[in-house]
Amino acid sequence: MKQKVTVKPYAGPAGGWGSVKVVAGILTQEEVAILGSEILLKQNKSDGYMCVSCSWAKPAKPRPFEFCENGAKATAWEVTNKTVEVEFFARHTLSELRGWSDHALEEQGRLTAPMRYDVALDKYVPVGWSEAFQEIGRELKGLDPRSVVLYTSGRASLEASYMYQLFGRMYGTNNFPDSSNMCHESTSVALPPVIGVPVGTVRLPDFEQTDCILFFGHNTTTNAPRMLHPLQEAAQRGVPIITFNPLRERGLERFTNPQDPIQMVAGGTRISSQYHQVRFGGDAGAIIGICKAVIEADDEARSKGHERIVDVAFIEQHTRGFDAFADFCRAQSWLDLERTSGLRQAAMFQAASTYMAANAVIANYGMGVTQHRHGVETVKMIVNLLLLRGNIGKPGAGISPIRGHSNVQGQRTVGISEKTKLVPLDKLKELYAFEPPRWDGLTTVDACEAILKGEVRGFVSLGGNFIRCIPERSLMEPAWTRLRLSVQIATKLNRTHLVPGEVTFLLPCLGRIEIDQQANGPQAVAMEDSTACIHGSRGQRKPVAERLLSEPRIIAEMAKATLPPNPKLDWDAWVDNYALVRDAIERTYPDQFKDFNKRMFEPGGFPRPLGARERKWKTPNGKANFTVPEAAFDMSPAGDGVFELMTTRADGQFNTTIYNENDRFRGIYRSREVVLMNADDMAEWGLAQGDLVTLETAADDGVERRLRGLQVVPYDVPRGGIVGYYPECNVLVPLWHFAKGSKVPAAKSVPVRISRDPVPELTDTHEIPITAVE
Ligand SMILES: Nc1nc2c(c(=O)[nH]1)N[C@H]1C(S)=C(S)[C@@H](COP(=O)(O)OP(=O)(O)OC[C@H]3O[C@@H](n4cnc5c(=O)[nH]c(N)nc54)[C@H](O)[C@@H]3O)O[C@H]1N2
Ligand SMILES: Nc1nc2c(c(=O)[nH]1)N[C@H]1C(S)=C(S)[C@@H](COP(=O)(O)OP(=O)(O)OC[C@H]3O[C@@H](n4cnc5c(=O)[nH]c(N)nc54)[C@H](O)[C@@H]3O)O[C@H]1N2
Ligand SMILES: [Mo]
């Protein structure tokens, strides 16, 4: 029987007393007493460790507590005293564990011993580290490197990531899909041809100098809460913040710094000065509408001989393609723009007039932009809007994609890429005297397709929960069992570990918060934040178990067992002293990582040079480029019984890690098996709160994609759109439903049909005291 959802709209600001209670709750749940200890005080400080949760920038002058509620949750989750011992695996078969929830699996605690899957027992059994590495090496040597995939989830450090890509390339593969392929790859593909860098151009101090902030498709409340501080400071200075989001996300409305007693009493700051509830995927339409308003205002100014609205000098000196884009905008009808954006013309005018009044504008965005079929084009539309008034390459202005995992951006910087043109292969060849493969490797979606076809034989995962976070779960799990080799390097037990291949290893590693003791003493690692600043991070806590190895060590041992010796590369020396790996990174990328070891603990991190910040455009034509969009945006079909499903994160989760069943700021408690729906749509379809429904993907490709037993909750969602949680809804996302150009699964608009389930069976026991977690 299912737990009945509790709906209790959240009235307060984000942050505030609720945050304090939640932090205390998770510490109790994980049986750790870190509040009074040094651990949280060291979070995001230049002498401490970088938070394992989000990738938001770390200020040079940190607050006494530079952590947020979700950072504290992620910390408690990693340094928990709960452990999974060998006996746990002796008690449970994998078939049994596959019946457990994501939460129940990870809640068992930290993995402590290397394990190997035993087919006859259907259990994991202990294996020695060296035996495991020898067998992995033997298996890899027996496979065609083209049939082997090395996946990375965005948490591993720059040092581990560099070693991992080098190991893979020396082995003979470029198959390096990364969590980024499901995340900001739309950004990484969109930006290089238009501004010449694959990452955002904004740094933290720009927030102090900006005079207008645009905010598209990011739930900052939950997913980058520390970013609410610069937003709050800007709002307090009177800087307009214009938000575009189909949902009214709490933290983008009001925020109270939970660490400030005065604000706690005063009830918080209003964050967004305008809140535009676009339809799903409506941003491109909205942005073109704003651009049209700007261009028509400029046309009028020019005809009257007034001061121009667009930045003529900038456009002439620095850009190409303005005239074609301006003509495109003039030709759009407001009726069409209202339809595609879901906004009224007046709303687009209002945003445009605020934009035009500002001298320095920052545009931020998240998954609400990138995870659509036209995600790449929408990013380019954001660039168009900024270029109109020279808002790239000056203080207080720029584009600011808010990345996900804490080092996802950095991994790409040091060579985790399936695209060979992004990797200095000649340099690697010169440094390590080997012939790197020159063919492009597999993205995440490509890897899934190849697994379905049986073309992938070996899969190594450096973190993450691949099977759970990708689309098309019902086809992927059976296909996964045909792998010859699965190697899972992880801190906690998850679904991917429970679907074995023929030969399967589960290798437990140190977490970033733990002291990483090697021959040369305790080692530090580095990562790159969302603003391209590099930070050092030192583990603080004694490892939870003695047998854990660090990620660099695990990679080095796999490499040694797989590759012939190479006189140019001493893996053991690198593991003894990670500073040598940083030297190697610097030799490979001398411009980006100059004096890496010396600078890694600079307060605020050291910035990577980014041409676009200085208006040096490393594009094919040496200019910043306007983009004329393709004639029609590929919107998912709505109406006719088809809804657009947006899959999103709740407050109580970090991706597939489910801390609890609550989505506090959206007022939803005790169940994630819900579908949020507009009340008028509910009325039209004869549905009431708590009714159980089935979602079925509206696609005629012969694949059945269904999710049953979801409880309907009325919610302020634009009509025609519904909302469900990731990863539960991933079974509904077709593998071919991805962003054009980047192959990021279009998880924010999946066409689905709704039907009512037969007899509702819900329990309404109040066993879970919701006050404890509020
Ligand atoms: N605590 C916590 N922190 C996290 C994570 C986590 O799971 N938990 N995950 C990390 C990772 S890997 C990532 S990528 C980020 C993700 O952070 P987000 O980018 O915030 O991702 P989602 O939670 O999926 O939320 C998407 C947001 O976009 C909005 N949205 C959906 N469709 C549209 C649209 O068409 N237009 C607009 N304008 N808005 C839309 C949704 O309403 C929601 O506010 O967070 C990172 N940080
Ligand atoms: N429908 C839908 N699907 C999505 C999304 C969506 O919004 N909607 N979002 C997509 C996005 S943005 C992303 S980034 C992906 C996320 O996909 P992944 O990055 O693959 O998944 P996570 O849930 O972050 O991985 C959690 C696991 O990482 C392991 N882990 C944690 N810390 C460490 C560590 O320090 N080292 C190692 N080796 N392992 C560790 C733990 O075992 C834990 O179980 O999902 C994508 N999938
Ligand atoms: Mo992500």
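Computed from a predicted model, the values in this text were never measured in an experiment.

Novice: I'd like a description of the packing of helix H14 (residues 283–303) against helix H16 (residues 322–331), backed by residues and values.
Specialist: The geometry of H14 relative to H16 is characterised by a closest axis approach of 9 Å and an angle of 105° between their N-to-C directions. Looking at the two axes, H14 sits roughly perpendicular to H16. Contacts from Ile 288, Cys 291, Lys 292, Ile 295, Glu 296, Asp 299 and Arg 302 of H14 reach H16 at Phe 325, Ala 326, Phe 328, Cys 329 and Arg 330.

Novice: Can you tell me about the site of ligand 1, naming the residues and giving the values?
Specialist: Lining the immediate surroundings of ligand 1 are 31 residues, of which Glu 249, Gly 281, Asp 283, His 372 and Asn 655 lie closest. In the complex, the protein chains occlude 99% of the 910 Å² of accessible area that ligand 1 would expose alone. Only helix H11 (220–223), helix H19 (367–370), strand S25 (642–648) and strand S26 (653–654) provide two or more residues apiece to the shell around ligand 1. Residues belonging to the shell around ligand 1 are distributed by class as follows: 10 nonpolar, 16 polar and five charged. Counting contributing residues, the shell around ligand 1 receives three or more from each of domain 3 (185–401) and domain 4 (642–772).

Novice: I'd like a rundown of the sheet that holds strand S23 (residues 606–607), residues and numbers included.
Specialist: Read from one edge of the open sheet, four strands run S20-S21-S22-S23, paired in antiparallel fashion. Each end of this open sheet is capped by a strand with a single partner; those strands are strand S20 (516–518) and S23. The sheet strands contacting helix H8 (residues 158–171) are strand S21 (521–528) and strand S22 (533–538), and the helix crosses S21 at an angle near 80°. Against the sheet, helix H28 (residues 578–588) touches S20 and S21, its axis set at about 30° to S21.

Novice: Provide a residue-level description of the site of ligand 2, including the pertinent values.
Specialist: Taken together, 30 residues form the shell around ligand 2, and within it Glu 106, Tyr 151, Ser 153, Glu 551 and Thr 656 come nearest. One of the side-chain nitrogen or oxygen atoms of Asn 494 is found 2.8 Å away from an oxygen atom of ligand 2. Between Asn 730 and ligand 2, the recorded distance is 2.8 Å, taken from a side-chain N or O atom to a nitrogen atom. Computed on the free molecule, ligand 2 has an accessible area of 940 Å², of which 95% lies beneath the protein chains in the complex. Here the residues of the shell around ligand 2 sort into 10 nonpolar, 14 polar and six charged.

Novice: So what's going on with the pairing of S21? Which residues, and what values?
Specialist: Of all the eight residues making up S21, seven are buried; the element is thus mostly covered by neighbouring parts of the structure. The pairing of S20 with S21 spans three bridges and is antiparallel. Within S21, the residue paired with Gln 518 across the bridge is Gly 521. Hairpin connection from S20 to S21: two residues lie between these consecutive antiparallel strands.

Novice: Outline the side chain of Asp 206, listing residues and values.
Specialist: Relative to the assigned elements, Asp 206 resides in helix H10 (residues 204–209). Only 3.0 Å separates the side chain of Asp 206 from the side chain of Arg 613, close enough to count as a polar contact.

Novice: Break down unusual backbone geometry for me, citing the residues and quoting the values.
Specialist: A negative phi angle characterises most non-glycine residues, just as the trans form characterises most peptide bonds. Tyr 726 connects to Pro 727 through a cis peptide bond whose omega is 5°. For Asn 44, which is not glycine, the phi dihedral falls at a positive 60°. Positive phi is not limited to glycine here, since Asn 655 has a value of about 50°. Assignment of secondary structure puts Asn 655 in the loop between S26 and strand S27 (657–658). Judged by its relative accessible area of 15%, Asn 655 falls in the buried class.

Novice: With reference to specific residues and values, describe the domain arrangement of the chain.
Specialist: Along its sequence, the chain is carved into domain 1 (10–79), domain 2 (83–183 + 410–593), domain 3 (185–401) and domain 4 (642–772). For domain 2 and domain 3, the distance between their C-alpha centres works out to 37 Å. Contact with domain 2, which involves 11 residues of that partner, is made by 10 residues of domain 3. Here domain 2 and domain 3 share an interface that buries about 760 Å² over both sides, 41% of which is from carbon and sulfur atoms. By the criterion of area lost to domain 3, the three top residues of domain 2 are Cys 183, Ser 530 and Thr 531, representing 51% of everything that side buries. Summed over the shared surface of domain 2 and domain 3, the result is two salt bridges. The residue Arg 412 makes a salt bridge to Glu 185 at a minimum N-O spacing of 3.2 Å.

Novice: Talk me through the environment of Leu 94; I want residue IDs and the actual numbers.
Specialist: One can find Leu 94 in helix H5 (residues 94–97). Leu 94 sits in the buried class, given a relative accessible area of 0%. Along the chain, Leu 94 and Leu 498 lie 404 residues apart, while their C-alpha atoms are 5.6 Å from each other. What Leu 94 contacts, discounting residues up to four positions off in sequence, is Tyr 117, Asp 122, Lys 123, Tyr 124, His 497, Leu 498 and Pro 500.

Novice: Lay out the pattern of salt bridges with the relevant residues and their values.
Specialist: Inspection of the entire model under this criterion finds 56 salt bridges. Across the pair Glu 69 and Lys 73 runs a salt bridge, and its minimum N-O distance is 3.7 Å. In this pair, Glu 69 and Lys 73 are both assigned in helix H3 (residues 69–79), four residues apart and thus about one turn of the helix distant. Relative accessible area serves as the criterion here: at 9%, Glu 69 is assigned to the buried category. Put simply, Arg 155 and Glu 78 hold a salt bridge, and the shortest N to O gap is 3.7 Å. Of this pair, Arg 155 sits in the loop between strand S8 (148–152) and H8 while Glu 78 sits in helix H3, and the two are 77 residues apart along the sequence. The network of salt bridges with shared partners includes Arg 63, Glu 66, Arg 226 and Glu 233.

So, how was this worked out
Residues numbered from 1 in each chain as written. Chains lettered and ligands numbered in written order. Predicted model: local features only at pLDDT ≥ 70, side-chain atom pairs only at ≥ 80, totals over all residues. Heavy atoms only, no water. Axes fitted to C-alpha atoms, helices over the stretch in contact; angles between N-to-C directions. Helix = DSSP H or I, 4+ residues; strand = E, 2+ residues; numbered from the N terminus. Parallel < 35°, antiparallel > 145°, perpendicular 65-115°, else oblique. Contact = heavy atoms within 4.5 Å. Near = heavy atom within 4 Å. Areas by Shrake-Rupley, 256 points an atom, 1.4 Å probe, with all protein chains shown as cover. Nonpolar A, V, L, I, M, F, W, Y, C, P; charged D, E, K, R; others polar. Domains from an automatic or database assignment. Pairing = 2+ DSSP bridges. Polar contact = N/O pair within 3.5 Å; in protein donor to acceptor, adjacent residues only side chain to side chain. Buried < 20%, exposed > 50% of the residue type's maximum accessible area, 1.4 Å probe, protein only. Buried area = accessible area lost by both parts, 1.4 Å probe. Salt bridge = Lys/Arg side-chain N within 4 Å of Asp/Glu carboxyl O.

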